[in-house]
Amino acid sequence: AKADLSGRFGDRWKRLDNKSQNFLVSGRAIFYQLAAARQMIDYSSVCVVVSKAVEGELKRRLFSDFCRYMEERLPLAEHGSQWPSGLCQYKDGKGYVLRASEQLTLGSIAYLCHFKPDSRLSEAARNRNLYWLSQYGRDRLFRNLASEEEIWRLLWEIGRFADSVASNYRNPAAHSAFFGYQKAVEFFA
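Structure report, in brief. All values reported here derive from a predicted model rather than from experimental measurement.

1. Some words on the layout of surface pockets
Gaps left between atoms are located by rolling a probe of water-molecule size over the structure's atoms.
At step 1: One number sums up the size of the largest pocket: a volume of about 1200 Å³.
At step 2: Lining the largest pocket are 31 residues, with Phe 9, Leu 16, Val 54, Glu 57 and Phe 161 positioned closest to its centre.
At step 3: Elements that contribute at least two residues to the lining of the largest pocket include exactly helix H1 (2-9), helix H2 (18-37), helix H3 (44-73), helix H7 (148-175) and helix H8 (181-188).
At step 4: Residues belonging to the lining of the largest pocket are distributed by class as follows: 20 nonpolar, 2 polar and 9 charged.
At step 5: Estimates place the volume of the second largest pocket at around 370 Å³.
At step 6: Forming the boundary of the second largest pocket are 19 residues, of which Ser 85, Gly 86, Arg 99, Tyr 111 and Asp 118 lie nearest the centre.
At step 7: Elements that contribute at least two residues to the lining of the second largest pocket include exactly H3, helix H5 (106-112) and helix H6 (123-141).
At step 8: In terms of residue count, H5 provides more of the lining of the second largest pocket than any other element does, 3 residues in total.
At step 9: Class assignment of the residues belonging to the lining of the second largest pocket gives a composition of 10 nonpolar, 6 polar and 3 charged.

2. With respect to the environment of Leu 154
At step 1: Here Leu 154 shows up in helix H7.
At step 2: When the C-alpha atoms of Leu 154 and Ala 29 are compared, they prove to be 31 Å apart, with 125 residues separating the residues in sequence.
At step 3: Once residues lying within four places of it in the same chain are set aside, the contact partners of Leu 154 are Phe 142 and Leu 145.

3. Overview of the environment of Ala 53
At step 1: Residue position: Ala 53 is located in helix H3.
At step 2: Sequence separation of Ala 53 and Gly 180 is 127 residues, and the distance between their C-alpha atoms is 21 Å.
At step 3: Apart from the residues within four sequence positions on either side, Ala 53 is in contact with Ser 20, Phe 23 and Leu 24.

4. What to know about the pattern of salt bridges
At step 1: This structure, assessed with the given rule, holds 15 salt bridges.
At step 2: The residue Asp 118 makes a salt bridge to Arg 120 at a minimum N-O spacing of 2.9 Å.
At step 3: Residue Arg 120 is classed as exposed on the basis of its relative accessible area, which comes to 74%.
At step 4: Measuring nitrogen to oxygen at the nearest pair gives 2.6 Å for the salt bridge that ties Arg 138 to Glu 148. Note that Arg 138 is positioned in helix H6 and Glu 148 in helix H7, a separation of 10 residues in sequence.
At step 5: One network of salt bridges, with partners in common, ties together Asp 65, Arg 68, Glu 72, Arg 73 and Arg 140.

Criteria and cut-off values
- Residues numbered from 1 in each chain as written.
- Predicted model: local features only at pLDDT ≥ 70, side-chain atom pairs only at ≥ 80, totals over all residues.
- Heavy atoms only, no water.
- 1 Å grid on protein atoms, 1.4 Å probe; cavity = no way out; pocket = protein on both sides within 12 Å on 5 of 7 lines; lining within 4 Å.
- Points joined across faces, edges and corners; volume = space filled by probe spheres on them.
- Helix = DSSP H or I, 4+ residues; strand = E, 2+ residues; numbered from the N terminus.
- Nonpolar A, V, L, I, M, F, W, Y, C, P; charged D, E, K, R; others polar.
- Contact = heavy atoms within 4.5 Å.
- Salt bridge = Lys/Arg side-chain N within 4 Å of Asp/Glu carboxyl O.
- Buried < 20%, exposed > 50% of the residue type's maximum accessible area, 1.4 Å probe, protein only.

Have a look at this one:
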């Protein structure tokens, strides 16, 4: 399973966190074992394990790095009200604190990337979120892109991808759906 995946990923395999690599290898190994049985078996466990790798990589690259980026520019302790709302929250008596890592899921990444705009936010908060996301995208994620439009398209695409994985695979697999062989193949693709 590891040889197959590292071959498919090429040099990008080394850029993945060790946990993500292990989740992917586990998911692929489970897939091979279930496929070898040649029976009508539920492949939900494959989707759940592999989606943990997707979620972990997006958390690491978006949430954790975005928080470091903001801390370099506006330290949270002094400027929390100016941070994007998806990264921090106000706690009575403690001021602004980072959101717990567990709060950032595949579903919330869609909001962080503005694939799903948060209607509960004021226009000023939405504009602040969009400004900092754009700056982060330009400075850290997509440094070689000159076009603001291209940066927004890629951020939107990341949000769309996270939402699709959560809505079509992870959530149904974790809660109620039966995933057959073809659905697992589709998910790996």
